[in-house]
Amino acid sequence: MTGLVIVGHGTRSAAGVDQFAALVERVRRRGDVGDVEGGFIELSRPPLTDAVGALVARGHRALVALPLVLTAAGHGKGDIPAAMAREQERHPGLSYRYGRPLGPHPLLHDALEERIDAALAGAVQADTVDRAGTWVALIGRGSTDPDANAEVAKVARLLWEGRGYAGVEPGFVSLASPSVPAVLERLRRLGARRIVVAPYFLFAGVLPDRIVAQSAEFAAAHPDLDVRVAEVIGDCDALADLVRERYAEALGGDIRMNCDTCAYRVLMPGFADKVGRPQRPHDHPDDPVGHHHHHGHDHGHAHDHGSVAVVGGGPGPDDLITVRGKALLDAADVVVVDRLAPQGLLAGLRPDVLVVDAAKVPRGPSMAQEAINAALVSHARAGRRVVRLKGGDPYVFGRGHEEVQACTAAGVPVTVVPGVSSAIAAPALAGVPVTHRGVAHDVTVVSGHLPPGHPDSLVDWAALARARGTVVLLMAVDTIAKIASVLIEHGRAPETPVLAVQDAGQADQRSVPARLDEIGAVATREDIRPPAVFVLGPVVALSTTGPTV
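Basis of the calculations
Residues numbered from 1 in each chain as written. Predicted model: local features only at pLDDT ≥ 70, side-chain atom pairs only at ≥ 80, totals over all residues. Heavy atoms only, no water. Pairing = 2+ DSSP bridges. Helix = DSSP H or I, 4+ residues; strand = E, 2+ residues; numbered from the N terminus. Axes fitted to C-alpha atoms, helices over the stretch in contact; angles between N-to-C directions. Phe/Tyr/Trp six-rings, centres within 6.5 Å; stacked < 30°, edge-to-face > 60°. Buried < 20%, exposed > 50% of the residue type's maximum accessible area, 1.4 Å probe, protein only. Expected span 1.5 Å × (residues − 1). Contact = heavy atoms within 4.5 Å. Polar contact = N/O pair within 3.5 Å; in protein donor to acceptor, adjacent residues only side chain to side chain. Parallel < 35°, antiparallel > 145°, perpendicular 65-115°, else oblique. Left-handed = near helix turned anticlockwise from the far one by under 90°. Core = buried A, V, L, I, M, F, W, Y, C linked by side-chain atoms within 4.5 Å. Patch = residues over 30% accessible without salt bridge, like charges linked within 9 Å, V, L, I, M, F, W, Y side chains within 5 Å. Areas by Shrake-Rupley, 256 points an atom, 1.4 Å probe, with all protein chains shown as cover. Salt bridge = Lys/Arg side-chain N within 4 Å of Asp/Glu carboxyl O.

1. Quick word on the sheet that holds strand β6 (residues 167-172)
If you walk across this open sheet you meet the 4 strands as β6-β5-β7-β8, and the pairing is parallel. Edge positions in the open sheet fall to β6 and β8 (226-229), since each of these has one partner strand only. Each strand of the sheet is rotated relative to its neighbour by a mean of 20 degrees, with strand direction disregarded. As judged from the 6 bridges shared by strand β5 (residues 135-140) and β6, these two strands associate in the parallel manner. Pairing of Gly140 across the sheet is with Phe172, part of β6.

2. Observations regarding the packing of aromatic side chains
On inspection of all chains with the given rule, the structure shows 3 aromatic pairs. With 4.3 Å between their ring centres and 40 degrees between their planes, Phe20 and Phe40 make a pair best called tilted. Here Phe20, found in helix α1 (residues 14-30), pairs with Phe40, found in strand β2 (residues 36-40); they are 20 residues apart in sequence, far enough to count as distant. Here the aromatic rings of Phe20 and Phe203 are separated by 6.4 Å at their centres, their planes lie at 90 degrees, and the arrangement is edge-to-face. Placement of the pair is Phe20 in helix α1 and Phe203 in the loop between β7 (194-199) and α8 (206-221), with a sequence separation of 183 residues. Residue Phe20 shares its accessibility class with Phe203, and that shared class is buried. Through a chain of ring-to-ring contacts, three or more aromatic side chains come together here, namely Phe20, Phe40 and Phe203.

3. Quick word on helix α6 (residues 146-160)
Taking 1.5 Å of rise per residue, 15 residues should cover 21 Å, and α6 covers 22 Å from first to last C-alpha, within 8% of that figure. Restricting attention to buried positions, one finds in α6 the residues Pro146, Asp147, Ala148, Asn149, Glu151, Val152, Val155, Ala156 and Leu159. Contacts from the buried residues of α6 go to α3 (74-90), α4 (106-120), β5 and β6. Structurally, the start of α6 carries an N-cap: the backbone nitrogen of Asp147 is 2.9 Å from a side-chain oxygen of Asp145. Positive phi shows up at Gly162, right after α6, with a value of about 80 degrees.

4. A word on the packing of α4 against α6
For the pair α4 and α6, interaxial distance at closest approach is 10 Å and the crossing angle is 65 degrees. With respect to each other, α4 and α6 are oriented roughly perpendicular. Every pair of crossing elements has a handedness; the one defined by α4 and α6 is right-handed. Of the residues in α6, those touching α4 at His109, Leu112, Glu113 and Ile116 are Val155, Leu158 and Leu159.

5. A look at the pairing of strand β14 (residues 443-447)
Where β14 lies against strand β15 (residues 470-474), 5 bridges are found, and the strand directions are parallel. Note on β15: the bridge partner recorded for Thr444 is Val471.

6. Regarding the side chain of Arg388
Note that Arg388 resides in strand β12 (residues 385-390). By relative accessible area, Arg388 is classed as buried at 1%. A polar contact is formed between the side chain of Arg388 and the backbone oxygen of Val336, at a distance of 3.3 Å. Not counting residues up to four positions away in its chain, the partners in contact with Arg388 are Ala309, Val310, Val311, Val336, Val337, Asp338, Ala358, Ile372, Leu376 and Glu403.

7. Side note on the nonpolar core
If you look at soluble globular proteins, the nonpolar side chains tend to sit buried side by side. Grouped together as the largest cluster of nonpolar side chains are 45 residues, with contacts concentrated most on Leu4, Ile6, Val27, Leu68 and Leu138. If sequence neighbours within four positions are ignored, Leu68 has contacts with Ile6, Val7, Phe20, Leu23, Leu102, Leu202, Phe203 and Val243. Ile483, Val498, Ala500 and Ala532 belong to the second-largest nonpolar core, a separate cluster that totals 25 residues.

8. A look at the sheet that holds strand β10 (residues 334-337)
Pairing is parallel in the open sheet, where 5 strands are placed in the order β11-β10-β12-β9-β13. Pairing within the sheet leaves two strands with one partner each, and these edge strands are β11 (354-357) and β13 (414-417). Across the sheet, the axes of successive neighbouring strands diverge by a mean angle of 20 degrees, strand direction being ignored. Where strand β9 (residues 307-312) and β13 come together, 4 bridges link them in parallel fashion.

9. A few points about the side chain of His109
In this structure, His109 sits in helix α4. The contacts of His109, once residues within four sequence positions are left out, are Pro104, Val155, Leu158, Leu159 and Arg163.

10. Observations regarding a nonpolar patch on the surface
Taken together, the side chains of Val396, Phe397, Val443, Val445 and Met475 make up a nonpolar region of the molecular surface, amounting to roughly 360 Å² of accessible area. Its location among the elements puts Met475 in the loop between β15 and α15 (480-489). Met475 gets classed as partly exposed once you look at its relative accessible area, which sits at 42%.

11. Side note on unusual backbone geometry
In this model, Arg45 is joined to Pro46 through a cis peptide bond whose omega is 0 degrees. Structurally, the position occupied by Pro46 is in the loop between β2 and α2 (48-57). Look at the link from Ser177 to Pro178: it is a cis peptide, with omega at 5 degrees. Phi is positive for Leu43, which is not a glycine, with a value near 75 degrees.

12. Observations regarding the pattern of salt bridges
Tallied over the entire structure, the rule returns 38 salt bridges. Measuring nitrogen to oxygen at the nearest pair gives 2.6 Å for the salt bridge that ties Arg30 to Asp241. Note that Arg30 is positioned in helix α1 and Asp241 in helix α9 (residues 237-252), a separation of 211 residues in sequence. Judged by its relative accessible area of 28%, Arg30 is partly exposed. You can call Asp241 partly exposed: its relative accessible area is 28%. Among the salt bridges present, the one from Asp338 reaches Lys390, with a minimum N-O distance of 3.7 Å. Of this pair, Asp338 sits in the loop between β10 and β11 while Lys390 is found in strand β12, placing the two residues 52 residues apart along the sequence. For Asp338, a relative accessible area of 16% translates into the label buried.

What follows is the structure in structure tokens.
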């Protein structure tokens, strides 16, 4: 018969590992599933590679790999298949059929019902009449996958239907809302006097323990409530029966996966970063491959790994961020924000989002780049979705690629979302096209942070002076006089029109025109301050808005 490898994520809980092993042994004792092994992709022993290796050593070349997970989230959709692909590389000729996650399923709902009844025992008789006064808080793990969170809500509804409870409300202990205290408070306000908190978990672990602790804390603050916590599903005949059913489905090719709402295939609001994301296997500390690392995330148990998105916020107005950038921002757990990023967008973040101020104020306080890199990596490693929100485009004088390199070196998934650069937007918002047919066929964007003659400057100012097209200067408020002088010295016409655009796109945007030989004095007289962009060349004469001083 085809061998079965039962794949768990892993846990730091010894009790959870023991329950997993007991379930594998229970399935093995049934004798109708052929050969059975179980292993974890991280955190716990035995590693998946040992389980697969044992089956291969006993002659199996075709397996069923069954993800022992309740919902189809990142581990079931990506991490476990990636780990199995690595096993296929190790064992040429090995094939496998992949089973679907366990839930939702009536066997699980019945098991939950039994755990709730056991929690009620001693307080009330767990029959239909007494259930009418009992509310249930069904608490799932929580995920960055909306499809998985929605399944928990579906299970809550199915658990309510026909069982006579006063109501069943879903909640989550990590990564998603509402939290355990929030669900309990909602039920209290709905008039609940008896609540059973039902962990939607297979085995013991850090997160189920956290559910118990948070429930006890809430109960202590509300002594008028009867709050009880049910046991996890655990090793039982119902779970073994469901494993056997999923095994038979996989053998028969009957895998009824729902891909219509999968965030890795379909653009879901707030989860744009997941579409098409490559899936990589975990490194188990006992698996001799690659650079091993033992995850130390603070939620300690099953989790979705964090990621970083370096997002260009555009030139300043809130509505000039890209659709993809806004979707990532809406889904973020942590936002590390620049001074020039659209500050109005922060007001629309969820209340629980952590905002890290990474401002670099000219001649003022600033957060070191190394500290910014470290913050991105540490928050992502803690399982959080991090958005590095920058002004303009992150790759146009934004040091965005340094942050990408830091994340890549740390093994943190990172993506870049381009933004509308102020180099193009500021002139446009002032009515100046940086190119125009018959006027300018080239545009050069230059950092004016370092003045001409500075030993660290990489700009060929003489070549720039000989060019005929448009020049856009960023970060040049303090150096514009020196830059203009050097450009004129090397051949640029003194009468070349220049436009200074300050606070582009904001209500107080202003445009100050001048000749190239006058722009230094004009900028000082008009008190031009950052953020400001200087555009020079014949296109300035095409401005449709006129000066605003």
